[in-house]
Amino acid sequence: MKIRKFNWKTIVITLSITTLSTIAWAWGSWGHHYINHAAILSLPDPLRTFFYNHADFITEESVVPDIRKYTIGDKAEFPRHYIDLEDYGADAVHTLPKSFNEAEEKFGAEELTKKGTLPWTINEMEAKLTDAFRKKSKNEIIFLAATLGHYIGDANMPLHTSSNHNGQLTDQKGIHALFEGEMLEMFGKTINLNMGSAPCFKDVNQTTWDMIEATHAAADTLLKAEADLRKIFPKRNIYRLDSADRVVKNQYGDWYFSDDYVKTLHQNLDGLLERRFRAAIYYTSGFWYTAWVNAGKPDLSDLDDEATTKCNQKILKKELKLWKKGKTFNLKPVPEFKLINSDHAHD
Ligand SMILES: [Zn+2]
């Protein structure tokens, strides 16, 4: 491997041609695991009892939609994770058709695939989950709940609603993984995950678009804060460098920003990371709960055996003590930014 001494111009050029793979992992696997898990704890009983019996599955399967994209290579999966609102025209969040069929009629399948279908995907999954509750189909419920939680997580990550999703239009490449991966892994543990009891939404479709609107508003704030910081931060200190002055990369090929840079940006964002992350938990639990209510609040207690439920309730009791303080048990998703392998440093 060639060792190249640190050179700011080289970094800029190289960054601009580097494909950043963590777009695969909106909120990173750390984030998706905690969003789904915290959303389970937010559910009112008796729905929480049922979900808690399947907490491991729903927590771990939170990243399955991303696995479908990148490990299986399912091309149809990609547009479900984002919506490039700016590409749909001015004020798109208010003018886009609320139903997928109308959108398809207006834009055609090809254009929708390019610009993203996230809000419509959420509504489709919500309808499917409601139906699964109605049928009391256990496997479908837990699979759809885990999947829906993923898309709602994505829908609260500001850069998943913007065509400038990796800062590529404004010379801010790397901001996607910086925000949802490196910063979240650094500060996630400080976020109070307790959003109170899950809400029931009167109009799911409208709620979806309201959520997208709030998330999109945060995209500009995030991009601007990072652009402002880049202007004043000593250039040599923006990235993490190894002893040979090479920028360190994680196992997915994403560049590490320096701890100081991440901390300062987090501070300048003034709680934006926490707000979007907590919103993801709030909406995930709310969409699950609303699906169950709209299905007529079916009794799910006979879907699991009594002994399993009893045992899990004991564990839940312990976790609820932590929950009161805004914490959960320690989950163990594979971190994306803590495993440093200097062999991956840029050559
Ligand atoms: Zn995703």
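Residues numbered from 1 in each chain as written. Predicted model: local features only at pLDDT ≥ 70, side-chain atom pairs only at ≥ 80, totals over all residues.

**What about the overall build of the chain?**
Counted only if it meets this: Secondary structure elements are defined from DSSP: runs of H or I of at least 4 residues count as helices, runs of E of at least 2 residues count as strands, and each element is numbered from the N terminus. By the convention adopted here, residues make contact when the C-beta atoms placed from their backbones lie within 7 Å.
Scanning the chain for helices and strands turns up 15 helices and zero strands. Expressed as a percentage of contacts within the chain between residues at least 6 apart in sequence, the contacts between residues at least 24 apart total 80%.

**Structural notes on the packing of helix α9 (residues 118-135) against helix α14 (residues 272-294)**
To be explicit about the condition: Lines fitted to C-alpha atoms define the axes, with helix axes restricted to the stretch in contact, and inter-axis angles between N-to-C directions lie between 0 and 180 degrees. Under this scheme an angle from 65 to 115 degrees is roughly perpendicular, one under 35 degrees roughly parallel, and one over 145 degrees roughly antiparallel; angles in between are oblique. Should the near helix be turned counterclockwise from the far one by less than a right angle, the crossing is left-handed, whereas a clockwise turn marks it as right-handed. Gly is put with the polar residues, along with every residue not named as nonpolar or charged; the nonpolar set is Ala, Val, Leu, Ile, Met, Phe, Trp, Tyr, Cys and Pro, and the charged set is Asp, Glu, Lys and Arg.
The N-to-C vectors of α9 and α14 enclose an angle of 50°; their axes lie 8 Å apart at closest approach. Taken together, the axes of α9 and α14 are oblique relative to one another. Pair α9 / α14 crosses with right-handed handedness. Contacts between α9 and α14 involve E126, L129, T130 and F133 from the former and F287, A291, W292 and N294 from the latter. For the contact of α9 with α14, the class distribution of residues is five nonpolar, two polar and one charged.

**What to know about helix α11 (residues 175-187)**
For the record, the criterion: Buried, partly exposed and exposed are defined by the number of other C-beta atoms within 10 Å of a residue's own C-beta, namely 20 or more, between the two limits, and 12 or fewer respectively, with C-beta atoms placed from the backbone.
Counted residue by residue, α11 has 10 buried out of 13 residues, so it is predominantly covered. Among all positions in α11, only I175, H176, A177, L178, F179, E180, G181, E182, M183 and L184 are buried. On the buried face of α11, the contacting elements are α2 (28-42), α12 (204-232), α13 (259-269) and α14.

**Observations regarding the confidence of the model for the chain**
Put simply, the rule reads: Confidence scores here are pLDDT values: one per residue, from the predictor, ranging 0 to 100.
For the chain, the average pLDDT comes to 89, and 90% of its residues sit at 70 or higher. Note that pLDDT drops below 50 for residues 1-24; the model gives that stretch 40 contacts with residues more than four away or on any other chain. Low pLDDT, under 50, characterises residues 339-347; the stretch is placed with 20 contacts to residues that sit more than four places away or in other chains.

**A closer look at helix α10 (residues 138-155)**
Basically, it comes down to this: Here the expected length of a helix is defined as 1.5 Å per residue gap, with one fewer gap than residues.
With 18 residues, α10 should reach 26 Å at 1.5 Å per residue; the first-to-last C-alpha distance of 26 Å fits that figure. Extensive coverage of α10 is indicated by the burial of 14 of its 18 residues.

**With respect to the nonpolar core**
Keep this limit in mind: Note on terminology: a nonpolar core is a set of buried residues of type Ala, Val, Leu, Ile, Met, Phe, Trp, Tyr or Cys, with members joined through C-beta atoms within 7 Å.
Formed by 77 residues in total, the largest nonpolar core has its most connected members in L129, A145, L148 and W288. Among the elements that make up this core, the one with the highest residue count is α14 (12 residues). Setting aside residues up to four positions removed in sequence, L148 forms contacts with I122, M125, E126, L129 and F287.

**Quick notes on the environment of G116**
For G116, the location among the structural elements is in the loop between α8 (109-115) and α9. Along the primary structure G116 and T161 are separated by 45 residues, whereas in three dimensions their C-alpha atoms are 8.8 Å apart. Setting aside its immediate chain neighbours within four residues, G116 contacts P79, Y82, I83 and D84.

**Things to note about the environment of I141**
Relative to the helices and strands, I141 resides in helix α10. The class for I141 is buried, based on 27 C-beta atoms found within 10 Å.

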